[in-house]
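Residue-level listing of the chains:
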Amino acid sequence: MRTYPTNSGPLIAAGTVMGVGLGGFVDGILLHQVLQWHNMLSSRVPPVDLVAMKFNMMWDGMFHVLTWLMTVVGLALLWRAGRRDDVPWSGTVFVGSLVLGWGLFNFVEGVIDHQILGLHHVHPGPDQLAWDVGFLASGLVFALIGVALIRTGRRAARP
Amino acid sequence: MLVFAANLATNCPDCPPVRAARAAVADDPELWLHVLGVLAPFCVIAVVAGGLYRLGAAPGKEHRSCAHIRPTVARSSPPEP
């Protein structure tokens, strides 16, 4: 009797966790460092002098520690998934999971850090609410695209 | 800017701004709020990923498959002699 791999869970979980880590790196590298729109605590301790900047840099570092850990955990989960015979190896499912993870990161981080705790805003200024809402919307859109890709990948595995 | 950076590199890590920054970090009155803010999104998403791990294991409609995916031998099969 022959059976076929049907357990997508480990691959989806690996991609999602890795997507969270990589999405966090996009936020940290692009928005914190390259564009310098905000820092981790810039709404509570505005980086207006070197002391405040270093304070924010320390917390940006903590944020990057967590994104790095998520990426490593995602890689370990992917490695384990790849060694299992019951996991269908689908690039579409994996890419969808990465995009889902990135979207989840944007949405959850946006809700908790921007809206509830007010630690920072995407682009502080008169239009900061619009930027925050746009960030949340990007999270939802990415998550929906990710789910669609995962469904497409799983459907392709059917006869 | 370059002079400032060179001066910083020469005098730090023991220059007054850095000592002040270290003190500010050490005396952070809202340390736990900040820890919560950094950690919480990752904790929430880790729980979601755990749920996806289990949801993806549900058989759903994928009992049968086709030739383009990797076949495996059923665990119930007796081992080869």
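## Remarks on the environment of V3(B)
- Here V3(B) shows up in helix α1 (residues 2-11).
- Distance from V3(B) to G50(B), taken between C-alpha atoms, is 51 Å for residues 47 residues apart in sequence.

## With respect to the side chain of T71(A)
All names here are of chain A.
- Mapped onto the secondary structure, T71 falls in helix α2 (residues 50-82).
- Using a relative accessible area of 17% as the deciding quantity, one classes T71 as buried.
- Not counting chain neighbours up to four residues away, the residues in contact with T71 comprise M18, G21, L22 and F25.

## Examining the side chain of T67(A)
- Mapped onto the fold, T67(A) is located in helix α2.
- Within polar-contact distance, the side chain of T67(A) engages the backbone oxygen of H64(A) at 2.9 Å.
- Excluding anything up to four places from it in sequence, T67(A) contacts G21(A), G24(A), F25(A) and F42(B).

## Describing the pattern of salt bridges
- One pass over the structure, following the stated rule, counts two salt bridges over all chains.
- A salt bridge links R44(A) to E30(B); the nearest nitrogen and oxygen atoms lie 2.7 Å apart. Of this pair, R44(A) sits in the loop between α1 (9-34) and α2 while E30(B) sits in the loop between α2 (16-26) and α3 (31-57), each in a different chain.
- Linking D86(A) and R84(A) is a salt bridge whose minimum nitrogen-to-oxygen distance equals 3.0 Å.
- Note on D86(A): relative accessible area 19%, which makes it buried.
- Of the residues examined, R84(A) reaches a relative accessible area of 27% and is grouped as partly exposed.

About the criteria used
Residues numbered from 1 in each chain as written. Chains lettered and ligands numbered in written order. Predicted model: local features only at pLDDT ≥ 70, side-chain atom pairs only at ≥ 80, totals over all residues. Heavy atoms only, no water. Helix = DSSP H or I, 4+ residues; strand = E, 2+ residues; numbered from the N terminus. Buried < 20%, exposed > 50% of the residue type's maximum accessible area, 1.4 Å probe, protein only. Contact = heavy atoms within 4.5 Å. Polar contact = N/O pair within 3.5 Å; in protein donor to acceptor, adjacent residues only side chain to side chain. Salt bridge = Lys/Arg side-chain N within 4 Å of Asp/Glu carboxyl O.

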